[in-house]
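# An overview of the molecular structure
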Amino acid sequence: SSRRTCCISSLRQFMADDSLDQRVAQLASLLELDDIPRCRHALELHNGDVNLAFQALFEQRSSTASSREAAAQPHKKQQACESNNSAPSKRQDGVRKVDLLKAAVLGGLAAGPAGAALGIGAVVGNKVCKEKREAWFDDVKANVLAAQAAGPHARDTAFIREGQDLSREELAYLECRDVVVAAALRQFLLGDSPNLQLPPVLPRLRIGIAGSGGGLRATASFAASLAALEECGLLDCVTYVSSLSGATWWLGLWHSLA
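First, a word on what this report is: a plain description of the structure on this page. (Residues numbered from 1 in each chain as written. Predicted model: local features only at pLDDT ≥ 70, side-chain atom pairs only at ≥ 80, totals over all residues. Heavy atoms only, no water.)

## Some words on the nonpolar core
Ile209, Phe222, Leu226, Leu229, Leu235, Val238, Ala247 and Leu251 form the largest nonpolar core, which has 8 residues in total. Looking at this core, the elements with two or more residues in it are α7 (215–232) and α8 (246–257). Among the elements that make up this core, the one with the highest residue count is α7 (3 residues). With residues up to four places along the chain from it excluded, the contact list for Leu229 reads Ile209, Leu234 and Leu235. (Core = buried A, V, L, I, M, F, W, Y, C linked by side-chain atoms within 4.5 Å. Buried < 20%, exposed > 50% of the residue type's maximum accessible area, 1.4 Å probe, protein only. Helix = DSSP H or I, 4+ residues; strand = E, 2+ residues; numbered from the N terminus. Contact = heavy atoms within 4.5 Å.)

Below you can see the structure in the form of structure tokens.
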């Protein structure tokens, strides 16, 4: 993007030049193209507008590079599979036999025949898990590449709301949520103390919960925290729930299940 900005600034310096040949030469220099007829054709196609010609050639070159990269991925994957299935296979088989022998010997010394069987089973199980994990990663990578090549959001338009206040939708949500929170908060406070004297109208209270990051540990911790809050009745008193990194894994699943 920085190079594109520099090119556009340079384009503005010679856009007033009436010489078509000079425009073609400068356009080819900016785009680092040796194809002069292609640059001339782009200028003629856009009625001599250098800016439009530059935009068209730049986008065409970017799309061509993306197509080449996407087309090269299956070839690279095939080469990697061929290399993994050729010479290293004997070495993997040899290492596997050594590992089986070690596991059988150590297991046999520790717990007799049953220990030897368990040791061999552990080695085989680890190998099977590793193969399944690698196959799963390959499927994930293939799906990601396919999604990127398809460009599902290429024609989408993103909108940004300008302003320093809450949106109308969020204000409407808060108005409805305040009623639910007030009733839940009164029930929560009176749960263990039914004789507690509370004012007829409770002050508006908006509680937020934030889940921290930390990978799977944060996912499990945040899931347990929300379950505990729901069990004690405090979750209905909450207005906002936010998360970061690992806790987001559970929050996204929570919203999906809801």
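## Some details on the pairing of strand β2 (residues 238–243)
In this sheet, β2 lies alongside strand β1 (residues 207–211) in parallel orientation, the contact comprising 5 bridges. Counterpart to Ile209 in the pairing with β2 is Val241. The parallel pair β1 and β2, bridged by α7, forms a crossover whose chirality is right-handed. (Pairing = 2+ DSSP bridges. Right-handed = clockwise from strand over helix to strand, strands pointing away.)

## As for the environment of Arg161
Here Arg161 shows up in the loop between α5 (88–150) and α6 (168–189). For Arg161, the contacting residues outside a window of four places in its chain are Leu166 and Ser167. Reaching out from Arg161, the side chain makes a polar contact with the backbone oxygen of Asp165 at a distance of 2.9 Å. (Polar contact = N/O pair within 3.5 Å; in protein donor to acceptor, adjacent residues only side chain to side chain.)

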